[in-house]
Amino acid sequence: MKYLQVELRVFSGLEKYLSHKRFGEPVPVELPEEATLRDLLQKMGIPEEQVFTILVNGRHQSLDYIPGEGDRVSLFPPVGGG
């Protein structure tokens, strides 16, 4: 099986799922070549329902999207407030 590496960044509270990582800090993650963004969340222990927006290289993507080598993946929770 071939693997690739993506750069993960989490924002607005999602960093609590990654030990010792701060808001927006890049985290290198190795994934199987055919892994989806859903697989990435599972690997990192981030519940799907906590993620509202996923950007890959600045573009919105779904959980079924398959990232490529070196892609920058940013995760954002639903925005609260009023």
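This text follows the structure it describes.
Worth saying up front: this structure is predicted, and the values here are computed from it rather than measured. (Residues numbered from 1 in each chain as written. Predicted model: local features only at pLDDT ≥ 70, side-chain atom pairs only at ≥ 80, totals over all residues. Heavy atoms only, no water.)

A.B. asks: An account of the pattern of salt bridges is requested, with residue identities and associated values reported.
C.D. replies: It is possible for side chains of opposite charge to pair when their charged atoms get near one another. Tallying each qualifying case throughout the model produces 3 salt bridges. A salt bridge links R38 to E48; the shortest N-O distance between them is 3.1 Å. Of this pair, R38 sits in helix α1 (residues 37-44) while E48 sits in the loop between α1 and β3 (53-56), and the two are 10 residues apart along the sequence. Residue classification places R38 among the partly exposed positions, given a relative accessible area of 27%. (Salt bridge = Lys/Arg side-chain N within 4 Å of Asp/Glu carboxyl O. Helix = DSSP H or I, 4+ residues; strand = E, 2+ residues; numbered from the N terminus. Buried < 20%, exposed > 50% of the residue type's maximum accessible area, 1.4 Å probe, protein only.)

A.B. asks: I'd like a rundown of the environment of A35, residues and numbers included.
C.D. replies: With respect to the helices and strands, A35 occurs in the loop between β2 (27-32) and α1. A35 sits in the buried class, given a relative accessible area of 6%. As for A35 and Y65, which are separated by 30 residues in sequence, their C-alpha atoms are 8.5 Å apart. For A35, the residues in contact, after removing those within four places along its chain, are Y65, I66 and P67. (Contact = heavy atoms within 4.5 Å.)

A.B. asks: How would you sum up the sheet that holds strand β1 (residues 3-10)? Please name residues and give values.
C.D. replies: As summarised here, the arrangement of the 5 strands in space is β2-β1-β5-β3-β4, forming an open sheet in which the pairing is mixed. The open sheet has two edge strands, β2 and β4 (59-60), and neither has a second partner. As paired elements, β3 and strand β5 (residues 72-76) share 4 bridges and run antiparallel to each other. Note on β5: the bridge partner recorded for V56 is V73. Against the sheet, α1 makes contact with β1, β2, β3 and β5, and its axis sits at roughly 120° relative to β2, the strand it touches most. (Pairing = 2+ DSSP bridges. Axes fitted to C-alpha atoms, helices over the stretch in contact; angles between N-to-C directions.)

A.B. asks: Describe in detail α1, supporting the description with residues and values.
C.D. replies: One turn of the α-helix equals 3.6 residues, which is why residues spaced by three or four share an orientation. Along α1, the positions that sit buried rather than exposed are L37, L40, L41 and M44. Taken end-on, α1 shows its buried residues confined to a sector of 100°, consistent with a single buried face. What points out from α1, more than 90 degrees from its buried face, is the exposed set Q42 and K43. Structurally, the start of α1 carries an N-cap: the backbone nitrogen of R38 is 3.3 Å from a side-chain oxygen of T36. Just downstream of α1, G45 is the residue with a positive phi angle, here 75°. (Arc of directions from axis to C-beta. Polar contact = N/O pair within 3.5 Å; in protein donor to acceptor, adjacent residues only side chain to side chain.)

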